[in-house]
Amino acid sequence: EAGVAQSPRYKIIEKRQSVAFWCNPISGHATLYWYQQILGQGPKLLIQFQNNGVVDDSQLPKDRFSAERLKGVDSTLKIQPAKLEDSAVYLCASRRGTANEKLFFGSGTQLSVL
Amino acid sequence: AQSVTQLDSQVPVFEEAPVELRCNYSSSVSVYLFWYVQYPNQGLQLLLKYLSGSTLVKGINGFEAEFNKSQTSFHLRKPSVHISDTAEYFCAVTPYNFNKFYFGSGTKLNVKP
């Protein structure tokens, strides 16, 4: 089966600019996650979707980050405006449903904010 | 609340030597435990998981891990490593309701020839 697709692979922007990331989960996977992985740290959950509804966004900095999953399939994560501390790898993961525990990860988008 | 501690940020080891990557967790509820591996420029892949039953679980590529409830540990082991095992390894826990995964900070395994 095709894996979780993410784009772009790399992005370099200046602080205060905007950026968007895209994720297409595995077909049929109802649950989608966005993680932030700062260098030297483990992935930190930003937001979790169940179909097109938000399950958990408690760790999402809502003053600058936003995410949507229209139609319950692919998703976009946006940062506006970006700060230096947003430099990280943004990982998208999906899972078939709440009863299936395995996460499938995309290759991530590496963001550098200068 | 849950937390995961991986005590070693880097582990250098020679090829064909045994290795153990340590993971300890803290949780107020029962959890399931996982090890994920991240090869350079790739996403995380599931290595193995403990859900119930035997506390010794075997995963892909010859890795195994042992769940120790009294010590709240889930250490990863391999009796003989290969160059291709060079990667970063993440321990993770999830409460029984599967809603959230909590990851450790990762251990970089560097296998030298």
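In the block above lies the structure referred to throughout.
Notes on the structure in this doc start here.

Rules used throughout
For every chain, the first residue of the written sequence is number 1, and numbering continues from 1 along that sequence. Lettering for chains starts from A, numbering for ligands starts from 1, and both go in the order in which the items are written. pLDDT decides what is reported in this predicted model: residues at 70 or higher carry local features, side-chain atom pairs at 80 or more are listed and counted, and totals for whole chains, interfaces and linings draw on all residues regardless. Side-chain descriptors were evaluated using all non-hydrogen atoms of the structure, hydrogens and water having been removed beforehand. Any Lys or Arg side-chain nitrogen located within 4 Å of an Asp or Glu carboxyl oxygen qualifies as a salt bridge. The numbering of helices and of strands both runs from the N terminus, where a helix is a DSSP run of H or I of at least 4 residues and a strand a run of E of at least 2. Exposure categories follow from relative accessible area, calculated using a 1.4 Å probe and restricted to protein chains: below 20% of the type maximum is buried, above 50% is exposed, and the middle band is partly exposed. To form a nonpolar core, buried Ala, Val, Leu, Ile, Met, Phe, Trp, Tyr and Cys residues must be joined to one another through side-chain atoms within 4.5 Å. Any two residues having at least one pair of non-hydrogen atoms within 4.5 Å are treated as being in contact.

All names here are of chain B. Per the stated rule, a full pass over the model turns up 7 salt bridges over all chains. For the salt bridge of Asp8 with Arg22, the shortest nitrogen-to-oxygen distance reads 2.9 Å. Of the two residues, Asp8 is situated in the loop between strand S1 (3-5) and strand S2 (10-14) and Arg22 in the loop between strand S3 (19-21) and strand S4 (24-26); the sequence distance between them amounts to 14 residues. Asp8 sits in the partly exposed class, given a relative accessible area of 21%. Salt bridges here are not isolated pairs; linked through shared partners, they connect Glu20, Glu66 and Arg77.

In this section: the nonpolar core. Residues and elements named next belong to chain B. Counting 28 residues, the largest nonpolar core has Leu33, Trp35, Leu48, Phe74, Leu76 and Tyr89 as the members making the most contacts within it. Elements represented by at least two residues in this core include exactly S2, S3, strand S5 (31-38), strand S6 (44-50), strand S8 (64-68), strand S9 (73-78), strand S10 (87-95) and strand S12 (107-112). In contact with Leu33, other than residues within four places in its own chain, are Tyr25, Leu48, Lys49, Tyr50, Phe67, Phe74, Ala92 and Val93.

In this section: the environment of Trp34 of chain A. Structurally, Trp34 of chain A is set in strand S4 (residues 31-37). For Trp34 of chain A and Ala93 of chain A, which are 59 residues apart along the polypeptide, the C-alpha to C-alpha distance reads 6.5 Å.

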